Amino acid sequence: MALTQRLEFRQSQSLVMTPQLMQAIKLLQLSNLDLTTFVEEELERNPLLERANDEAPAGEAPAEAGQYSDGEESGGQGDGQGDDGFGGGDAFEPGQEEWMSKDLGTRAEIEQTLDTGLDNVFSEEPAEAAARNAQDAAPTTYTEWGGGASGDEDYNLEAFVAAELTLSDHLAEQLSVAFTAPAQRMIGQYLIDLVDEAGYLPGDLGQAAERLGATQADVEGVLAVLQKFDPPGVCARNLSECLAIQLRELDRYDPAMQALVEHLDLLAKRDIVALRKICGVDDEDIADMIGEIRRLNPKPGMKFGSARLQTMVPDVYVRPGPDGGWHVELNSDTLPRVLVNQTYYSELSKKIGKDGDKSYFTDALQNATWLVRALDQRARTILKVATEIVRQQDGFFTHGVAHLRPLNLKAVADAIQMHESTVSRVTANKYMATNRGTFELKYFFTASIASADGGEAHSAEAVRHHIKQLIDSEEPAAILSDDTIVERLRASGIDIARRTVAKYREAMRIPSSVQRRRDKQSALGNVLTTALSDRSRNTEPA
């Protein structure tokens with residue numbers, strides 16, 4: 001086979017991931033809070049970007065003030081001057097040079113000119129009068145009362161709000177009073193730094209002694225004092241210890257209560273019979289002891305300041321339309337509005353002479369234009385996906401969760417002629433406010449469960465809702481097992497396995513049938529005991 005050289009032309013298409021395209025893809029999956037942060041960073045970085053709702057530039061106010069000052073100066077130097085030395089026109093007060101240069105004459109001449117005595121005009125020294133007026137006058141701004149603002153226009157109500165006291169600060173204040181030795185304060189501060197927001201310490205404090213170079217006995221001694229701090233139950237290493245500290249504070253930690261606290265697992269299972277044997281008490285005493293346990297605070301540190309929760313803001317609103325359909329609209333409050341300042345770029349283009357500066361502003365204009373287009377395309381894509389979701393899940397908006405249909409990303413992507421990955425990015429971290437509550441867009445995408453009679457498949461979320469309804473309506477004497485739930489679902493036309501029912505039940509944090517039977521029988525017994533005690537009190541002779 002001979003080797004030859006030849007020229008060939010080939011035409012092919014390929015997708016190149018430019019920085020602008022990567023940025024547009026990134027914007028799709030950002031939440032409204034992350035998008036606002038990103039746009040703020042771009043506004044600081046790019047001089048050609050500006051907010052669409054910006055007010056008038058701040059430089060206009062000083063310009064008006066400057067014109068007003070010039071008017072005063074021009075008024076103070078009026079053209080017309082009277083023979084008596086006072087300016088004509090609007091200028092009433094004489095200038096400083098006029099007072100210094102004009103001979104006012106003797107006292108008699110001045111009194112004759114003013115048509116009154118000098119004692120009536122200048123009854124006291126101006127400095128003394130001004131000082132007394134300033135002393136008698138009440139403060140007019142909150143700065144004079146001791147505030148930190150520079151004027152009325154800077155009035156800030158938050159300056160009066162006290163800082164929120166945190167659990168760490170509250171414990172540190174008590175630590176400075178409880179210990180005087182520096183070594184004990186150091187150990188105590190180290191342990192306070194380990195306390196979580198619920199008020200608990202880690203279970204193993206062996207590493208604390210090693211890092212501090214102290215003995216385990218020293219750490220335990222400081223911990224015993226910390227556990228007496230306010231709030232009661234703080235600095236505990238587990239729930240039993242937290243409850244025991246609070247019971248000691250109430251002087252209720254007797255041997256029977258100690259046995260109950262040490263067997264909280266039985267209390268969680270509501271195994272009252274076993275608890276009564278372990279504690280050695282009767283039914284009435286065990287009920288009172290459980291009532292005391294319930295009145296304690298399992299998380300004593302939660303009443304102090306903690307991290308603020310961010311309010312969820314919906315990206316899309318769905319409202320009933322006048323024609324019986326649904327009206328879908330974007331939440332304009334979550335959409336950053338930015339514009340490209342073309343005027344500023346035109347002025348700079350005429351004045352910039354260096355090639356490097358021209359290249360910088362050209363890139364800035366290109367990035368600003370691309371960002372505006374990317375934000376607009378993001379809004380359009382979200383609206384398109386949300387509209388298709390509402391169309392596909394019309395039964396949910398009309399009748400509720402039981403009518404939620406199975407839906408996947410491919411069905412929405414094919415309907416709006418987009419890729420599945422694009423729909424996945426759009427539905428991430430986005431929320432929809434409906435007449436039935438606010439839901440994440442991914443909530444409407446559920447797996448399908450086959451129908452028992454070969455009909456239309458059922459949504460997994462609808463099946464979970466059906467299971468919850470069956471369990472909520474069960475009687476204490478007839479608790480439904482997982483097998484019974486499977487039979488009832490199949491009778492309703494839902495083909496489902498027992499392990500799937502157990503998985504859905506555990507995902508909804510619903511206990512097993514054995515635990516539910518024990519809980520409901522215990523609750524029923526408490527109700528009967530209360531009713532009998534009330535009846536006995538009513539029948540007692542007066």
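Note that the structure is predicted; figures quoted are calculated from it, not measured.

Quick look at the sheet that holds strand β3 (residues 326-330) now. In a beta sheet, neighbouring strands are held together by backbone hydrogen bonds and run either parallel or antiparallel to one another. Taken in spatial order, the four strands line up as β3-β2-β5-β6 in an open sheet, and their pairing is mixed. Each edge of the open sheet is held by one strand with a lone partner, namely β3 and β6 (437-440). Going across the sheet, the axis of each strand differs from the next one's by a mean of 20°, ignoring polarity. Here two bridges tie strand β2 (residues 316-320) to strand β5 (residues 431-434), and the two strands are oriented parallel to one another.

Moving on, we come to the packing of aromatic side chains. Across all of its chains, the model carries ten aromatic pairs by this definition. A centroid spacing of 5.1 Å and a plane angle of 80° characterise the contact between Tyr360 and Phe361, whose relative ring orientation is edge-to-face. Judged by its relative accessible area of 43%, Tyr360 is partly exposed. Residue Phe361 is classed as buried on the basis of its relative accessible area of 15%. Aromatic ring contacts, followed pair by pair, group Trp326, Phe396, Phe397, Phe439, Tyr443 and Phe444 into a single cluster. Across the ring face of Tyr253, the terminal group of Arg248 is positioned such that the distance to the ring centre comes to 4.6 Å. Looking at Arg319, its charged tip hangs above the ring of Tyr317, at a distance of 4.9 Å from the centre.

Mapped onto the fold, Ala433 is located in strand β5. For Ala433, a relative accessible area of 13% corresponds to the buried category. Distance in space between the C-alpha atoms of Ala433 and Val316 is 6.2 Å, their sequence separation being 117 residues. The residues touching Ala433, leaving out its near neighbours within four places in the chain, are Pro314, Val316, Tyr317, Val318 and Thr438.

Val385, Phe397, Val412, Val423, Met432 and Phe444 are the most contacted members of the largest nonpolar core, which has 23 residues in total. Of all the secondary structure elements, the ones that give two or more residues to this core are β2, α18 (355-392), α19 (394-399), α20 (409-416) and α21 (420-427). If sequence neighbours within four positions are ignored, Phe397 has contacts with Val318, Trp326, Val390, Met432, Thr434, Asn435, Arg436 and Phe444. Counting 21 residues, the second-largest nonpolar core is a separate cluster that includes Phe179, Leu212, Cys235 and Phe304.

Here we take up the side chain of Gln515. As for its position among the elements, Gln515 is in helix α25 (residues 513-539). Gln515 gets classed as buried once you look at its relative accessible area, which sits at 16%. A polar atom in the side chain of Gln515 sits 3.5 Å from the backbone oxygen of Ala268. Beyond its immediate stretch of four places on either side in the chain, Gln515 contacts Ala268, Lys269 and Arg270.

Relative to each other, helix α22 (residues 460-472) and helix α24 (residues 498-507) sit at 80°, their axes nearing to 10 Å. Classified by the angle between their axes, α22 and α24 sit roughly perpendicular to one another. Between α22 and α24, the residues in contact are Ala460, Val463, Arg464, Ile467 and Ile471 and Val501, Tyr504 and Arg505, respectively. Among the residues forming the contact of α22 with α24, the class breakdown is six nonpolar, no polar and two charged.

For helix α8 (residues 167-178), built from twelve residues, the straight-helix expectation of 16 Å at 1.5 Å per residue is met to within 8% by its first-to-last C-alpha distance of 16 Å. All of the buried residues in α8 are Leu167, His170, Leu171, Gln174 and Leu175. Projection of α8 onto a plane perpendicular to its axis shows the buried side chains occupying an angular sector of 140°, all on one side. Summarising the contacts, the buried residues of α8 are in contact with α9 (182-194) and α11 (216-226).

A word on the pairing of β5. Bridge analysis of β5 against β6 gives four bridges, and the strand direction is antiparallel. Residue pairing for β6: Tyr431 is matched across the bridge by Glu440. Between β5 and β6, which pair antiparallel one after the other, the connecting turn spans two residues.

Inspection of the secondary structure assignment puts Val401 in the loop between α19 and α20. Taking the C-alpha atoms as reference, Val401 lies 7.0 Å from His465; in sequence the two are 64 residues apart.

Further remarks concern the packing of α9 against α11. Between α9 and α11, the shortest axis-to-axis distance is 10 Å and the interhelical angle comes to 65°. Here α9 lies roughly perpendicular to α11, going by the angle between them. You can see that α9 and α11 cross each other, and the crossing is right-handed. On the side of α9, the interface is formed by Gln184, Ile187, Gly188, Leu191 and Ile192, while α11 contributes Asp218, Val219, Val222, Leu223 and Leu226. Here the residues of the contact of α9 with α11 sort into seven nonpolar, two polar and one charged.

We now examine helix α16 (residues 283-294). Side chains three or four residues apart in an α-helix point the same way, a direct result of the helix having 3.6 residues per turn. If you check α16, its first and last C-alpha atoms are 17 Å apart, about what twelve residues at 1.5 Å a residue would give, namely 16 Å. Listed as buried for α16 are Ile286, Met289, Ile290, Gly291, Glu292 and Ile293. Summarising the contacts, the buried residues of α16 are in contact with α12 (239-249), α13 (255-261), α14 (264-268) and α15 (272-279).

Scored by pLDDT, the chain comes out at a mean of 78, with 74% of its residues at no less than 70. Long-range and interchain partners of residues 54-94, a stretch whose pLDDT sits below 50, account for 18 contacts in this model, where long-range means more than four residues apart. Overall, residues 138-151 carries pLDDT values under 50, and its contacts beyond four positions in sequence, including any with other chains, amount to 15 contacts.

This part is about the pattern of salt bridges. Under the definition given, this model contains 19 salt bridges. With a closest N to O distance of 1.8 Å, Glu329 and Arg319 form a salt bridge. With Glu329 in strand β3 and Arg319 in strand β2, this pair connects stretches of sequence that are ten residues apart. With relative accessibility at 28%, the residue Glu329 sits in the partly exposed group. Take Arg319: its relative accessible area is 37%, and that puts it in the partly exposed class. Linking Lys410 and Asp414 is a salt bridge whose minimum nitrogen-to-oxygen distance equals 2.8 Å. On the criterion of helical spacing, the pair formed by Lys410 and Asp414 is a turn pair, its members being four residues apart in helix α20. Judged by relative accessible area, which is 44%, Lys410 ranks as partly exposed. According to the relative accessible area criterion, Asp414 is partly exposed, its value standing at 47%. Through salt bridges with shared partners, a single network forms among Arg6, Glu8 and Arg10.

Rules and cut-offs
- Residues numbered from 1 in each chain as written.
- Predicted model: local features only at pLDDT ≥ 70, side-chain atom pairs only at ≥ 80, totals over all residues.
- Heavy atoms only, no water.
- Pairing = 2+ DSSP bridges.
- Helix = DSSP H or I, 4+ residues; strand = E, 2+ residues; numbered from the N terminus.
- Axes fitted to C-alpha atoms, helices over the stretch in contact; angles between N-to-C directions.
- Phe/Tyr/Trp six-rings, centres within 6.5 Å; stacked < 30°, edge-to-face > 60°.
- Buried < 20%, exposed > 50% of the residue type's maximum accessible area, 1.4 Å probe, protein only.
- Lys NZ or Arg CZ within 6 Å of the ring centre and 35° of its normal.
- Contact = heavy atoms within 4.5 Å.
- Core = buried A, V, L, I, M, F, W, Y, C linked by side-chain atoms within 4.5 Å.
- Polar contact = N/O pair within 3.5 Å; in protein donor to acceptor, adjacent residues only side chain to side chain.
- Parallel < 35°, antiparallel > 145°, perpendicular 65-115°, else oblique.
- Nonpolar A, V, L, I, M, F, W, Y, C, P; charged D, E, K, R; others polar.
- Expected span 1.5 Å × (residues − 1).
- Arc of directions from axis to C-beta.
- Left-handed = near helix turned anticlockwise from the far one by under 90°.
- pLDDT = per-residue confidence, 0-100.
- Salt bridge = Lys/Arg side-chain N within 4 Å of Asp/Glu carboxyl O.

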